[in-house]
Amino acid sequence: MRSQTGDQVRLSAFTHFEPSRTPLAVTHQGQFPAVTISFNVASGLALGDAVDAIHRAEAEIGMPATVRANFVGTAQEFKSALATEPFLILAALLTVYIVLGVLYESYIHPVTILSTLPSAGVGAFLALMLTRTEFSIIALIGIVLLIAS
C-alpha cells in the first residue's frame, strides 16, 4: 500500500493475521445469514405435533427478537394449508348451498338441510374417535362429502 505521500505503508499498520477456524460457506436466505435445522417426525406422530413442539422449544429457550424462525418444505406447506382451511370449509358450504338451491329451486330449503350440519359433524367426530382416526385433511374432505350427500 502507498500513503498519500507515496511512501509504502506496512500492512501490519492497519491489519493483522491470525489463523482460526471458519466455515467454508455461509448460507443465506434473502439477505440474512441462515441456518437450516432438519427434523423427521417419529412414527405415530403428526406433523402438526412436531411443529407445535418446535414452537414450544422456541418459547422455552427465549430466542431474541432478532432471530427469526421459519419453516420450509413440508412443514411450510402444512402451515399454509392450515391457514387456508377456514376458507376451504366456507367455500365447501357455499358450494353445497348453491347446489342444493339449484336442485330444490329454493333459497330456504338448502338452509333447512344445512341446519343438520352440526349433528352430522358430531356424528362424524364420534366415528373418528371410535375408530381412533386422526382428524386430517382427508377426514375433513370426508365430512364435507358426508354433508353434501
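Scroll up to find the structure this text is about.
Let us look at the structure shown here.

1. Observations concerning the packing of helix α1 (residues 47-61) against helix α2 (residues 74-104)
Item 1. Interhelical geometry of α1 versus α2 gives an angle of 100° and a closest axis separation of 10 Å. Judged by the angle between their axes, α1 and α2 are roughly perpendicular. Here L47, G48, V51 and H55 of α1 lie close against α2, whose contacting residues are T74, A75, F78 and K79.
Item 2. Residue classes in the contact of α1 with α2 are distributed as four nonpolar, three polar and one charged.

2. Focus: unusual backbone geometry
Item 1. A positive phi is found at E105, a non-glycine position, where the angle reads about 50°.
Item 2. Looking at where E105 falls in the secondary structure, it is placed in the loop between α2 and α3 (109-114).
Item 3. Classification of E105 by relative accessible area gives exposed; the value is 74%.
Item 4. Unusually for a residue other than glycine, R132 sits at a positive phi of about 55°.
Item 5. Secondary-structure assignment places R132 in the loop between α4 (117-130) and α5 (137-148).

3. As for the layout of surface pockets
Item 1. In this model, the largest pocket occupies a volume close to 900 Å³.
Item 2. Taken together, 23 residues make up the lining of the largest pocket; nearest its centre are V35, T36, I37, A69 and N70.
Item 3. Broken down by secondary-structure element, the contributors of at least two residues to the lining of the largest pocket are β2 (32-33), α1 and α2.
Item 4. Per-element tally for the lining of the largest pocket: the top contributor is α1, with three residues.
Item 5. Its residues assigned to classes, the lining of the largest pocket shows 14 nonpolar, seven polar and two charged.
Item 6. Within this model, the second largest pocket holds a volume of roughly 230 Å³.
Item 7. If you go around the second largest pocket, the residues you meet are A46, L47, G48, F78, A81, L82, E85, E134, F135, S136 and I137.
Item 8. Top element by residues in the lining of the second largest pocket is α2. It accounts for four residues.
Item 9. Residues of the lining of the second largest pocket, tallied by class, amount to seven nonpolar, two polar and two charged.

4. Quick notes on α2
Item 1. Compared with the 45 Å implied by 1.5 Å per residue over 31 residues, the 42 Å span of α2 between its first and last C-alpha is a close match.
Item 2. If you look at α2, its biggest bend is around 40°, right at T84, and the proline P86 turns up within four residues after that.
Item 3. In the stretch just after α2, E105 is the one whose phi turns positive, near 50°.

5. As for a nonpolar patch on the surface
Item 1. Together, I137, I138, I141 and L145 make up an exposed nonpolar region whose accessible area comes to about 400 Å².
Item 2. Mapped onto the elements of the fold, I141 is located in helix α5.

6. Concerning the packing of aromatic side chains
Item 1. In total, this model carries one aromatic pair according to the counting rule given.
Item 2. For the pair F125 and F135, a centre-to-centre distance of 5.2 Å together with 50° between the ring planes defines the contact as tilted. With a gap of 10 residues between them, F125 in helix α4 and F135 in the loop between α4 and α5 connect regions that are remote in the sequence.
Item 3. The class for F135 is partly exposed, based on a relative accessible area of 40%.

What counts as what
- Residues numbered from 1 in each chain as written.
- Predicted model: local features only at pLDDT ≥ 70, side-chain atom pairs only at ≥ 80, totals over all residues.
- Heavy atoms only, no water.
- Axes fitted to C-alpha atoms, helices over the stretch in contact; angles between N-to-C directions.
- Helix = DSSP H or I, 4+ residues; strand = E, 2+ residues; numbered from the N terminus.
- Parallel < 35°, antiparallel > 145°, perpendicular 65-115°, else oblique.
- Contact = heavy atoms within 4.5 Å.
- Nonpolar A, V, L, I, M, F, W, Y, C, P; charged D, E, K, R; others polar.
- Buried < 20%, exposed > 50% of the residue type's maximum accessible area, 1.4 Å probe, protein only.
- 1 Å grid on protein atoms, 1.4 Å probe; cavity = no way out; pocket = protein on both sides within 12 Å on 5 of 7 lines; lining within 4 Å.
- Points joined across faces, edges and corners; volume = space filled by probe spheres on them.
- Expected span 1.5 Å × (residues − 1).
- Bend = angle between axes of the 7 residues up to and from the residue.
- Patch = residues over 30% accessible without salt bridge, like charges linked within 9 Å, V, L, I, M, F, W, Y side chains within 5 Å.
- Areas by Shrake-Rupley, 256 points an atom, 1.4 Å probe, with all protein chains shown as cover.
- Salt bridge = Lys/Arg side-chain N within 4 Å of Asp/Glu carboxyl O.
- Phe/Tyr/Trp six-rings, centres within 6.5 Å; stacked < 30°, edge-to-face > 60°.

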